[in-house]
There are 2 protein chains.
Amino acid sequence: MKTRPPRATISDVARTAKTGKTSVSRYLNGEVNLLSPDLKARIEQAIAELNYRPSQMARGLKRGRTRLIGLIIADITNPYSVDVLSGIEAACRAQGFTLLMCNTNNEVDLEQHYLQLLSSYQVEGIVVNAVGMHEEVLNRLQQSMLPMVLIDRKIPDFACDVVGLNNLEASNIATQHLLENGYQALLFLSEPLGSVNTRRERLRAFYDTVKNTAHVQAENAEVALHQPDALETLLRDFHQRHPGKNCAVIAANGALTLQVARALQRLQLRWGESIGLLGFDELEWAALAGVGITTLKQPTWQIGYAALEQVIARIEGSETAIREQLFSGELIVRGSSQPLR
Amino acid sequence: MKTRPPRATISDVARTAKTGKTSVSRYLNGEVNLLSPDLKARIEQAIAELNYRPSQMARGLKRGRTRLIGLIIADITNPYSVDVLSGIEAACRAQGFTLLMCNTNNEVDLEQHYLQLLSSYQVEGIVVNAVGMHEEVLNRLQQSMLPMVLIDRKIPDFACDVVGLNNLEASNIATQHLLENGYQALLFLSEPLGSVNTRRERLRAFYDTVKNTAHVQAENAEVALHQPDALETLLRDFHQRHPGKNCAVIAANGALTLQVARALQRLQLRWGESIGLLGFDELEWAALAGVGITTLKQPTWQIGYAALEQVIARIEGSETAIREQLFSGELIVRGSSQPLR
DNA sequence: CTGTTAGCGCTTTCAC
DNA sequence: GTGAAAGCGCTAACAG
């Protein structure tokens, strides 16, 4: 049994440097000006010699500050989540925090489990990436009394900082674009609306935008992400119900856009030729699929970064009013939304 | 200033239950059989009442076991990494460990920083997802003396458990497939080989497989991921150098496949029509790009899961010989590798 | 069966 | 300037 050497402790350092733990602690905490150059040098030497690293465990225990931030993600395989994660991660680094990442896989029990876990590790705050999260799961989150910031979605009747997309503006831009390109029948497709504000806002702006244009049919439908058959039927019906008209579909998020593209492919309806298509969320493969898929790109990285800055502000004691930070999306035009015929 | 109520401690529970901390501790650690039903009930009651959760910090400090696993990822935006992460995450859950996730962004300094960080949080072991990791970064990892498992890649001259793909078999299957479909000029494309065993093995099996077939040109090239122009030139040259022959490209990983597809698109070379294409790593959009892209799918989730099981085995003290766990890939045939003409 | 006690590695009064 | 000593919340002997 190859036993690892036990880590050096602050006492080891003190002994080696022929001093007390207090001075070492002071050194570690940057109170260097209080130390004589000689002592400082001895401590430095001892630390290097022993390859000493202070234990965050002990530190956290003593000070109550762990410099840990909890992150709860509903579905890590969602590309949106990954980009956001990347931004959060960068912000953590910049601010000297460490991320405890939990993927709830959209299972309610897990979510509960992780919330307790984060709490037991004394995280100082949590960020919830609600993208793809079931509503029930999200609602349970209120229980946590930690500083918390939501990404993408609000919890109804729960005052909490939120960072996300300016949905009304984005949806307006997207819809307007399709109208300008001569589409006459528009279908707004989303996962079940529930009380998810994101979906509802996008939908509302969609209808509001269309309202001002005569001779345009606007409708919407809700479909579960993992029901390809239902989706296929929906799309076929929509297309057949509007013969002679230019039809277009707006998919309310990236995961759905993928499913829609697959369904259209099975139906042999080519986007940009027989039907228009526009999806929320940029996709790395958007340019490669057929004539390309027009997307509404969110500044995902910035959203993640901003969210973390916000939790930290709360952790540092900011008591300003609940803040809702909205970012603008950007329309990336590709073939799928070109004028038909 | 809305101050949060301080968390209840084990002493609070003991007091409320009118007993000592020891009994509470016993209760927490499942040594329930040693407690009288009455006492047990009182403790249960007190815990519920105070909403008590033991502090992992204190526990870790005392026992030296933090139940924390460090994960080092070079590039979290790589889809392969995400899938692996998902498997690791599931295994953690199953085994009662928590993940401390670090994304090094492929920066050497960061990697060093994180290694120290993980160590200071007393992680019990680390998993390194080397996919996309720079060699220099990987090499530095040897310093850590923690139980460690590598995913995808080995570190030259460093004995360490590895979990990954059976590269020789997979590359053989892929190459064979192209040969059977009548391709006569094959280009194996990878990022700079360096001493990355994964790339070298795939390349070797490629040549070994082709060797047995007469009248087939085999060549390979190395290209950096973020040099689209170089890639474009490379592909154009390759195609033009073999007039009248059926040409095919093998991309050694998913990130590269994306770049190749983009380059071919710019060159107006359509896969499955003017050129063959096959990529390692399954991509969610593979079926949507033109006639579809044939891929060699890795069991990413399983690889992640297995990796975590392996670190845990080491943590639990397994002293068996260094283990190399290889999984078989699966060829997903799509239009891009169909016989041309 | 149950409780007392002594630390885990660190920070922080409080004295010198 | 420096260090001794008292805990942070918990577990693990060791006694009853």
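The structure under discussion appears in the preceding block.
Being a predicted model, the structure only gives us computed values, none of them experimental.

Caption draft 1: Geometry of the nonpolar core. Of all hydrophobic cores here, the largest spans 58 residues; its most connected members are Leu189, Leu235 and Val260 of chain A together with Leu189, Leu235 and Val260 of chain B. Taken together, the elements giving at least two residues each to this core come down to β6 (185-190), α10 (228-241), β8 (247-251) and α11 (254-266) of chain A together with β6 (185-190), α10 (228-241), β8 (247-251) and α11 (254-267) of chain B. With 7 residues, α11 of chain B is the largest single contributor of residues to this core. Ignoring anything within four residues of it in the chain, the contact list for Leu235 of chain A reads Leu187, Leu189, Val249, Val260, Ala263, Leu264 and Leu267 of chain A.

Caption draft 2: Representation of the interface of chain B and chain A within the structure. Contact with chain B, which involves 54 residues of that partner, is made by 54 residues of chain A. On the chain B side of the contact with chain A, Met57, Tyr121 and Leu288 of chain B bury the most area, a combined 15% of that side's loss. Summed over the shared surface of chain B and chain A, the number is 0 salt bridges. Linking chain B with chain A are 14 residue pairs in polar contact (both at pLDDT 80 or more), by the criterion used here. Put simply, the parts of the chain that give the side of chain B that touches chain A at least two residues each are α4 (56-63), α5 (79-95), β2 (98-103), α6 (108-120) and α11 of chain B. With 7 residues, the single largest contributor to the side of chain B that touches chain A is α5 of chain B. A breakdown of the residues in the side of chain B that touches chain A according to their chemical character gives 28 nonpolar, 15 polar and 11 charged.

Caption draft 3: Representation of the packing of helix α2 (residues 21-28) of chain B against helix α3 (residues 37-50) of chain B within the structure. Residues and elements named next belong to chain B. Between α2 and α3, the shortest axis-to-axis distance is 10 Å and the interhelical angle comes to 85 degrees. Classified by the interaxial angle, the pair formed by α2 and α3 is roughly perpendicular. Here Ser23, Val24, Tyr27 and Leu28 of α2 come into contact with α3, specifically with Leu39, Lys40, Ile43, Glu44 and Ile47.

Caption draft 4: Looking closely at empty space enclosed by the protein. All names here are of chain A. For the coordinates displayed, the defined rule picks out 7 cavities of 30 Å³ or more. Reported here for the largest cavity is a volume of approximately 180 Å³. As for the largest cavity, its lining consists of 16 residues, of which Val131, Gly132, Asp152, Arg153 and Asn253 are closest to the centre. For the lining of the largest cavity, a count of residues per class yields 5 nonpolar, 5 polar and 6 charged. Both of domain 2 (68-165 + 300-327) and domain 3 (167-297 + 330-337) provide at least three residues apiece to the lining of the largest cavity.

Caption draft 5: Expanded view of α10 of chain A. Residue and element names in this part refer to chain A. In a regular helix each residue adds 1.5 Å, so 14 residues correspond to 20 Å; α10 covers 20 Å between its end C-alpha atoms and thus fits that length. Listed as buried for α10 are Leu231, Glu232, Leu235 and Phe238. Each buried residue of α10 lies within a common arc of 135 degrees when the element is viewed along its axis, so the set occupies one face. Opposite the buried face of α10, at more than 90 degrees from it, the exposed residues are Asp229 and Gln240. Contact partners of the buried residues in α10: β6, β7 (217-222), β8 and α11.

The rules behind these values
Residues numbered from 1 in each chain as written. Chains lettered and ligands numbered in written order. Predicted model: local features only at pLDDT ≥ 70, side-chain atom pairs only at ≥ 80, totals over all residues. Heavy atoms only, no water. Core = buried A, V, L, I, M, F, W, Y, C linked by side-chain atoms within 4.5 Å. Buried < 20%, exposed > 50% of the residue type's maximum accessible area, 1.4 Å probe, protein only. Helix = DSSP H or I, 4+ residues; strand = E, 2+ residues; numbered from the N terminus. Contact = heavy atoms within 4.5 Å. Buried area = accessible area lost by both parts, 1.4 Å probe. Salt bridge = Lys/Arg side-chain N within 4 Å of Asp/Glu carboxyl O. Polar contact = N/O pair within 3.5 Å; in protein donor to acceptor, adjacent residues only side chain to side chain. Nonpolar A, V, L, I, M, F, W, Y, C, P; charged D, E, K, R; others polar. Axes fitted to C-alpha atoms, helices over the stretch in contact; angles between N-to-C directions. Parallel < 35°, antiparallel > 145°, perpendicular 65-115°, else oblique. 1 Å grid on protein atoms, 1.4 Å probe; cavity = no way out; pocket = protein on both sides within 12 Å on 5 of 7 lines; lining within 4 Å. Points joined across faces, edges and corners; volume = space filled by probe spheres on them. Domains from an automatic or database assignment. Expected span 1.5 Å × (residues − 1). Arc of directions from axis to C-beta.

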